[in-house]
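Chains, contacts and geometry: an overview
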Amino acid sequence: MTHNPLLLLLLDSSGRSSELVKALQKKDLALAVVRSEAEARRWLDENQCQAILLAVSSLQPHGSFLSDLQDVVSSVAVIVAASDPSVKDAVVALQAGVIDYLEAPVSDSRLDAALDKAGVSRRVSSPDPVPVKAGKGCSAIIGNSSAMRQVFSLIKKVCDAETTVLVRGESGTGKELIAQALHYEGVRGAGPFVPVNCGAIPGELLESELFGHEKGAFTHAIRTRLGRFELANGGTVFLDEISEMSPMLQVKLLRVLQEKEFERIGGTKTISSDFRVIAATNRDLEQEVQAGRFREDLYYRLNVIPIEAPPLRERLQDIPLLVEHFVARFNRLRKKKIKGVADEVMVRFAHYAWPGNVRELENMLERMVILAGSDVLSVADLPERLLEAGTVPVERFEELPVQGFFLNEVLADFEKRLILQALEQTDWVKNRAAKLLNVNRTTLIEKMKRFKLASSSAEA
Ligand SMILES: Nc1ncnc2c1ncn2[C@@H]1O[C@H](COP(=O)(O)OP(=O)(O)O)[C@@H](O)[C@H]1O
Ligand SMILES: [Mg+2]
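Below you will find a few notes about this structure. A quick note: this is a predicted structure, and the numbers were derived from the prediction, not measured.

**Remarks on the overall build of the chain**
The helix and strand tally for the chain stands at 19 helices and 16 strands. Out of the 460 residues belonging to the chain, those deemed buried represent 35%.

**Topic: the sheet that holds strand β1 (residues 7–11)**
Spatially, five strands are ordered β2-β1-β3-β4-β5 in an open sheet, and the strand pairing comes out parallel. Looking at the sheet topology across the chains shown, the edges are occupied by β2 (31–34) and β5 (100–103). Averaged over all neighbouring strand pairs, the angle between strand axes comes to 20 degrees, with direction disregarded. Sheet contacts for helix α2 (residues 37–46): β1 and β2; angle to β2, the most-contacted strand, approximately 140 degrees.

**A few points about the packing of helix α13 (residues 319–334) against helix α15 (residues 357–371)**
Packing of α13 against α15 brings their axes to within 9 Å, and their N-to-C directions diverge by 45 degrees. By the angle between their axes, α13 is oblique relative to α15. Like other packed secondary-structure pairs, α13 and α15 cross with a definite hand, here right-handed. Counting all contacts with α13, which are made through Leu-322, Val-323, Phe-326, Val-327, Phe-330, Asn-331 and Arg-334, the residues of α15 involved are Val-358, Leu-361, Glu-362, Leu-365, Glu-366, Val-369 and Ile-370. Partitioning the contact of α13 with α15 into residue classes produces ten nonpolar, one polar and three charged.

**A few points about the packing of helix α6 (residues 146–158) against helix α7 (residues 175–185)**
At their nearest, the axes of α6 and α7 sit 9 Å apart, and the two run at 40 degrees to each other. When the axes of α6 and α7 are compared, the crossing they make is right-handed. For the pair α6 and α7, the contacting residues are Val-151, Ile-155, Lys-156 and Val-158 in the first and Ile-178, Ala-181, Leu-182 and Glu-185 in the second. Of the residues that constitute the contact of α6 with α7, the class distribution is six nonpolar, no polar and two charged.

**What to know about helix α4 (residues 87–95)**
Every buried residue of α4 is listed here: Asp-89, Val-92 and Ala-93. Buried residues of α4, viewed axially, fall in a sector of 100 degrees; they line one side. Away from the buried face of α4 by more than 90 degrees, exposed residues Val-87, Lys-88, Val-91, Leu-94 and Gln-95 are located. At the exit of α4 stands Gly-97, carrying a positive phi of roughly 85 degrees.

**Comments concerning unusual backbone geometry**
Of note, the bond from Ala-104 into Pro-105 is cis; its omega dihedral lies within 30 degrees of zero at 0 degrees. Here the phi dihedral of Asn-357 falls at roughly 55 degrees; this positive angle occurs in a residue that is not glycine. With respect to the element layout, Asn-357 can be found in helix α15. Backbone geometry at Asn-438 places phi at a positive 60 degrees, although glycine is not the residue there. Note on placement: Asn-438 falls in the loop between α17 (430–437) and α18 (441–450). Asn-438 gets classed as exposed once you count the C-beta atoms within 10 Å, which come to 7.

**So, the site of ligand 1**
The local shell around ligand 1 holds 15 residues, among which Ile-142, Gly-174, Lys-175, Glu-176 and Val-358 are the closest. Among the secondary structure elements, those contributing two or more residues to the shell around ligand 1 are α7 and α15. Here the residues of the shell around ligand 1 sort into five nonpolar, six polar and four charged. Two domains share the shell around ligand 1, each providing at least three of its residues, namely domain 2 (133–308) and domain 3 (313–396).

**Some points on the nonpolar core**
Proteins that are soluble and globular tend to have nonpolar side chains buried together. Leu-8, Leu-9, Ile-79 and Val-80 are the most contacted members of the largest nonpolar core, which totals 43 residues. With residues up to four places along the chain from it excluded, the contact list for Leu-8 reads Ala-32, Val-34, Ala-40, Trp-43, Cys-49 and Ile-52. Formed by 40 residues, the second largest nonpolar core is a distinct cluster that contains Val-151, Ala-181, Ala-280 and Ile-307.

**Focus: the pairing of strand β10 (residues 236–240)**
In terms of burial, β10 is a largely internal element, five of the five residues being buried. Because side chains alternate across β10, one face comprises the buried residues Thr-236, Phe-238 and Asp-240, and the other comprises Val-237 and Leu-239, equally buried. In this sheet, β10 lies alongside strand β7 (residues 193–197) in parallel orientation, the contact comprising five bridges. Directly across from Pro-195, in β10, lies its bridge partner Phe-238.

The rules behind these values
Residues numbered from 1 in each chain as written. Chains lettered and ligands numbered in written order. Predicted model: local features only at pLDDT ≥ 70, side-chain atom pairs only at ≥ 80, totals over all residues. Helix = DSSP H or I, 4+ residues; strand = E, 2+ residues; numbered from the N terminus. Buried ≥ 20, exposed ≤ 12 C-beta atoms within 10 Å, placed from the backbone. Pairing = 2+ DSSP bridges. Axes fitted to C-alpha atoms, helices over the stretch in contact; angles between N-to-C directions. Contact = placed C-beta atoms within 7 Å. Parallel < 35°, antiparallel > 145°, perpendicular 65-115°, else oblique. Left-handed = near helix turned anticlockwise from the far one by under 90°. Nonpolar A, V, L, I, M, F, W, Y, C, P; charged D, E, K, R; others polar. Arc of directions from axis to C-beta. Near = placed C-beta within 6 Å. Domains from an automatic or database assignment. Core = buried A, V, L, I, M, F, W, Y, C linked by C-beta atoms within 7 Å.

Shown next, in the form of structure tokens:
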């Protein structure tokens, strides 16, 4: 069960409420956001709160809703923030028992006073601006490379939009962090962020996770369960590993995306929920579409705004910042006092291809911090694979990493791959391969020995 929000916020469509949402976010309130009277009514049917804040342009159109509130939830304090305030409005508010009538934009002290009056407890606001949801926005994503700066600027551009975003990138590149930043930096940031890993939950379970089920819908459904789409009302659903979703669920998802309405499994009542969808994939979805494993219509529906999470090997410049960040974090978590890494370690890092991306770097540093023999991490603390030669293909070095790199090893790797190509093109006939490369046959054989190159059929 999720705990009951203390404050229900009704945002009407006047579109000037993002300031207010941001101010409330900073107060660390339990907050639920709805965007229409109908939605508020439905929410109040099933949930409880201490206070309701109506952020509307004017109260006039909400008169009957206000008087209904007095009947339905008379114990709940109602605050109004009107962006188009009037004396007439203020009188309506007073008569309807509203405890505070604010004029938007609302100053922080006025907002605090109103919340106090309404008995809404919260974290005391500090004079410093509090970072978005304790560092879950862009500030949680470390990186200063041009690739990452592009990601940040895209996040800022689309965080307030309602459009679906598809975050693409290899595993460990920070797709979930990007999804969180989109949520917490945007107007929905005060609402829930609900992640679902479609690859980790078996098909039948995933359906009931997403849609919920009614009591008795199937053997183990002993009580009604709300689905993630319902729990994400006013917030964001993060569908991770979307390519793993079964064809049957893909159809259902498409319908939900189009209509924002669905039924719980075994239910007939239509449930509507206001959520934004952010999806992520580490697969090539176009290829999945081509292969008939992913619906084309769903692909277009999800891919409205694609954000690419760049692999770490394409932004090696970010490594020193990431290292500093993770060393500081693991010092804190593991009660260590590691000062940093030796220069040579940094050079090795810049030379490695990082198939597991930032996650691999993070895990490696955690282990190194724990096992370190001294207060500076040295080459001796590195795992084997970092000491092997030539792991970053040379064409990846569009610009020389600031930490430098191993010229000889990079060149050797380049050479090895060219020789391998020549051998493969000539069916491993050494004479022909040597001709292709314009080297002597003996030179080729020497190099093949050095690079441990042998065709699998030759070995057999
Ligand atoms: N740019 C980054 N800055 C800080 N930490 C990062 C960054 N990118 C990834 N991480 C960390 O790496 C791990 C993997 O990130 P995650 O978002 O789960 O990747 P993905 O979803 O792409 O597999 C997490 O622990 C995350 O905090
Ligand atoms: Mg992930």
